[in-house]
Amino acid sequence: MPAVPALTISARDTGSRARAGILRTAHGDVRTPAFVPLATKATVKGMLPAEVAALGYDIVLGNTFHLFLDPGHERIARFGGLHEFMGW
């Protein structure tokens, strides 16, 4: 069974209620707050996955509706899942 995501808060601001922390997922840690690029069809337009990672991003979001339409969940599954399909 996959691990349940957990959030560890490392800093809080009582004036604004802002917080910073680490979101732990089955695929790795995500520092928060985070600017998260969107990979509409499994790619951040104009960038290779290594270039996105080199900028310091911990996570990339895939638009599941667009991915369902094209290339489709069956094709993504044949490639070993979304992480493998997009090379992240």
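Data block above holds the structure.
Values in this document were obtained by computation on a predicted structure and should not be read as measured data.

What counts, and where the lines are drawn
Note on numbering: residues in each chain are counted from 1, in written sequence order. For a predicted model such as this one, the threshold for reporting local features is a pLDDT of at least 70, and the threshold for listing and counting side-chain atom pairs is 80 or more; totals across whole chains, interfaces and linings nevertheless cover every residue. Note that water and hydrogens are dropped before the side-chain values are worked out from all heavy atoms of the structure. Each helix is a run of H or I in the DSSP string that is no shorter than four residues. Each strand is a run of E no shorter than two, and both are numbered from the N terminus. This radius of gyration counts C-alpha atoms alone. The globule rule is 2.2 Å times how many residues there are, raised to the power 0.38. The cut-offs for exposure are 20% and 50% of the maximum accessible area for each residue type, with area from a 1.4 Å probe on protein chains only; residues under the lower value are buried, those over the upper are exposed, and the others partly exposed. Any two residues whose heavy atoms approach within 4.5 Å at even a single point are treated as in contact. Methods summary: accessible areas were calculated by the Shrake-Rupley approach with a probe of 1.4 Å, and residue burial reflects only the protein chains presented. Each polar contact in these results corresponds to two N or O atoms within 3.5 Å; when the atoms are within protein, one needs to be able to donate a hydrogen and the other to accept it, and residues that are neighboring in sequence are counted only if both atoms are side-chain atoms. For cavity detection a 1 Å grid was placed over the protein atoms alone, and a set of points counts as a cavity when a 1.4 Å probe fits there but cannot get out; an open set counts as a pocket when protein lies on both sides within 12 Å along at least five of seven lines, with lining residues being those that have an atom within 4 Å of a point. Grid points are joined across faces, edges and corners, and a volume is the space filled by probe spheres set on the points. Gly falls in the polar group here, along with every residue not listed as nonpolar (Ala, Val, Leu, Ile, Met, Phe, Trp, Tyr, Cys, Pro) or charged (Asp, Glu, Lys, Arg).

A. Quick look at the overall build of the protein. When helices and strands are counted, the protein shows four helices and five strands. Over its C-alpha atoms the protein spans a radius of gyration of 15 Å, topping by over 25% the 12 Å that the globule rule assigns to 88 residues. A burial count over the protein gives 14% of its 88 residues as buried. For the protein, restricting intrachain contacts to residue pairs at least 6 apart in sequence, the fraction spanning at least 24 positions comes to 35%. When the accessible area of the protein is evaluated, it comes to approximately 6600 Å², of which 60% is carbon and sulfur surface.

B. Spatial organisation of the environment of His73. The topology assignment puts His73 in helix α3 (residues 73-78). Residue His73 is classed as partly exposed on the basis of its relative accessible area of 47%. Among residues more than four places away in sequence, those in contact with His73 are Leu67 and Phe68. In this structure the side chain of His73 is engaged in a polar contact, spanning 3.2 Å, whose partner is the side chain of Glu74.

C. Representation of the layout of surface pockets. Of the pockets and cavities examined, the largest pocket occupies roughly 240 Å³. Around the largest pocket, the lining is made up of 14 residues, and of these His27, Ile59, Val60, His83 and Trp88 lie nearest the centre. Elements with a minimum of two residues in the lining of the largest pocket: β3 (28-32), β5 (61-62) and α4 (82-86). Residue composition of the lining of the largest pocket, by class: seven nonpolar, five polar and two charged.

Geometric values such as these leave the question of function open.
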